[in-house]
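Chain by chain, the residues run as shown.
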Amino acid sequence: MDMLRRWLDILAGDPQADRAVPPTGFTARLTVLSAFAMAFLAVFALALSLATGRLADRWSSELAKTSTLRISAPAGQVVAQRDAALAVLQTTPGVASARALTDDEQRALLAPWFGPDLPIETLPVPQLIEIVEGDAGFDATGLRARLQAEVPGAVLDDHTRWRAPLVEAASRLRLLGIVSMILIAGATAAMITLAANAALAANAQVIRVMRLVGAQDIYIARAFIRRFTLRALTGAAAGTLAGTLAVLLLPRTDVAGGFLTGLGFQGWHWLWPLIIPILAAVVAFAATRHAALRTLKEQS
């Protein structure tokens, strides 16, 4: 409560102390534009981090409980081996269900590479069987040995080699989004520090006069802190609004189903951008306070 009260006192300001900070000029424009640009980028970094988190969860859940059995055999033996494989799977502990994909389903799987009019009936396309695991899962090594003995043309793919790298890649992209937000906060702090130092140097004469009439350094510093904090808050709020609108204009996931079309916020995640202006104000408060107190000490 004391910290919040101190913040409110500083942001409330003092008209006389505010005269030490120019209301316009390049420092004002620099602070507002920097906060705007950094908040705009932060929205996309946050959207990237949240989207990759959803992607990692979806890939992990979708691939964890499914496996694929591929049957490659001469045309006259495909049906017999398919039925034999289904019989093996139905008696395998841990297999919840197993079904052979139809020609239409296999054609849909190959359509992105060969087009929708692929004559699958005339091509030696392997028969695919979708396997859904139960809660306990099944013994993949034991199932492979049994299939090798009873269905020589069957190859089991439990998606392990696909799931791990995809989830790892999504996790690294999420980490990249978090690191980007940290770098954005650091760049914002650096720009505001430069702007505050420039304003302090430009108002050195005014500061000396205020000291002569008894003003303390903390009193003068509060004027700079308030002005630059409000500038950063205003610029960041506008940048967050612009970034959020830009995210809204991105294609939706159901349009193309790709990763880039799913970049955005979902559900209550739309509330996350609201913290960006607050964080920008906190960064500006800390950076300006440090710069003001240090510069005033050097000028004394």
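Residues numbered from 1 in each chain as written. Predicted model: local features only at pLDDT ≥ 70, side-chain atom pairs only at ≥ 80, totals over all residues. Heavy atoms only, no water.

Caption draft 1: Focus on the sheet that holds strand β2 (residues 95-100). What the four strands build is an open sheet, ordered β2-β3-β1-β4; its pairing is antiparallel. Two strands bound the open sheet, and with one partner strand each, they are β2 and β4 (154-157). The sheet shows a mean angle of 20° between the axes of neighbouring strands, direction not considered. In this sheet, strand β3 (residues 127-133) lies alongside β2 in antiparallel orientation, the contact comprising five bridges. Residue alanine 98 lies in a different strand from β3, and its bridge partner there is isoleucine 131. (Pairing = 2+ DSSP bridges. Helix = DSSP H or I, 4+ residues; strand = E, 2+ residues; numbered from the N terminus. Axes fitted to C-alpha atoms, helices over the stretch in contact; angles between N-to-C directions.)

Caption draft 2: Layout of the packing of aromatic side chains. Evaluated as defined, the whole model comprises two aromatic pairs. The interplanar angle of 50° and the centroid separation of 5.3 Å between the aromatic rings of phenylalanine 40 and phenylalanine 44 together place this pair among those described as tilted. One end of the pair is phenylalanine 40 and the other is phenylalanine 44, both in helix α3 (residues 26-64) and four residues apart, which spans about a single turn. Judged by its relative accessible area of 26%, phenylalanine 40 is partly exposed. Ring geometry for tryptophan 268 against tryptophan 272: centres 6.2 Å apart, planes inclined by 45°, an arrangement best described as tilted. Residue classification places tryptophan 272 among the partly exposed positions, given a relative accessible area of 34%. Sitting over the ring of phenylalanine 228, arginine 231 keeps its end group 4.8 Å from the ring centre. (Phe/Tyr/Trp six-rings, centres within 6.5 Å; stacked < 30°, edge-to-face > 60°. Buried < 20%, exposed > 50% of the residue type's maximum accessible area, 1.4 Å probe, protein only. Lys NZ or Arg CZ within 6 Å of the ring centre and 35° of its normal.)

Caption draft 3: Examining the nonpolar core more closely. Grouped together as the largest cluster of nonpolar side chains are 33 residues, with contacts concentrated most on Ile220, Phe224, Phe228 and Phe265. For this core, the elements supplying multiple residues, two or more each, are α3, α7 (160-202), α8 (204-212), α9 (217-248) and α11 (275-299). If one sorts the elements of this core by residue count, α3 sits on top with nine residues. For phenylalanine 265, the contacting residues outside a window of four places in its chain are Val43, Leu46, Ala47, Leu50, Arg54, Val247, Trp270 and Pro273. (Core = buried A, V, L, I, M, F, W, Y, C linked by side-chain atoms within 4.5 Å. Contact = heavy atoms within 4.5 Å.)

Caption draft 4: The arrangement of the environment of threonine 295 in detail. Relative to the helices and strands, threonine 295 is located in helix α11. A relative accessible area of 10% means that threonine 295 is categorised as buried. In sequence terms threonine 295 and alanine 221 are 74 residues apart; their C-alpha atoms lie 9.6 Å from each other. In contact with threonine 295, not counting residues within four places along its chain, are Asn197 and Leu200.

Caption draft 5: Summary view of the confidence of the model for the chain. Summing up the model confidence of the chain, the mean pLDDT is 78 and the portion of residues at 70 or higher is 80%. Mean pLDDT across the elements of the chain bottoms out in helix α10 (residues 253-256) (47) and peaks in α9 (87). Per-residue pLDDT stays below 50 along residues 254-261; that stretch engages in eight contacts with residues further than four places along the chain or on separate chains. (pLDDT = per-residue confidence, 0-100.)

Caption draft 6: Summary view of the pattern of salt bridges. For the structure shown, the criterion picks out four salt bridges. Put simply, arginine 99 and glutamate 105 hold a salt bridge, and the shortest N to O gap is 3.0 Å. Judged by relative accessible area, arginine 99 falls into the partly exposed class, the value being 37%. Exposure remark for glutamate 105: the relative accessible area of 29% places this residue in the partly exposed category. Its salt-bridge partner being arginine 146, residue glutamate 150 comes within 3.4 Å of it at the nearest N-O pair. Of this pair, glutamate 150 and arginine 146 both sit in helix α6 (residues 140-150), four residues apart, which is roughly one turn of that helix. (Salt bridge = Lys/Arg side-chain N within 4 Å of Asp/Glu carboxyl O.)

Caption draft 7: A look at the environment of leucine 33. Tracing the chain through its elements places leucine 33 in helix α3. Placed 202 residues apart in sequence, leucine 33 and glycine 235 show a C-alpha to C-alpha distance of 6.3 Å.

Caption draft 8: Up close: the packing of α8 against α9. Running from amino to carboxyl end, α8 crosses α9 at an angle of 140°, the nearest separation of the two axes being 10 Å. The angle between α8 and α9 falls in the class oblique. The chirality of how α8 crosses α9 is right-handed. Contact residues: Ile207, Met210 and Arg211 in α8; Asp217, Tyr219, Ile220 and Phe224 in α9. Of the residues that constitute the contact of α8 with α9, the class distribution is five nonpolar, no polar and two charged. (Parallel < 35°, antiparallel > 145°, perpendicular 65-115°, else oblique. Left-handed = near helix turned anticlockwise from the far one by under 90°. Nonpolar A, V, L, I, M, F, W, Y, C, P; charged D, E, K, R; others polar.)

Caption draft 9: How the structure looks around helix α4 (residues 78-90). Taking 1.5 Å of rise per residue, the 13 residues of α4 would be expected to cover 18 Å, and the 18 Å separating its terminal C-alpha atoms lies within 8% of that figure. Residues of α4 that are buried: Gln81, Ala85, Leu86, Val88 and Leu89. Viewed end-on, α4 has its buried residues packed into an arc of 160°, placing them on one side of the element. Buried residues along α4 sit in contact with β1 (66-71), β2, β3, α6 and β4. (Expected span 1.5 Å × (residues − 1). Arc of directions from axis to C-beta.)

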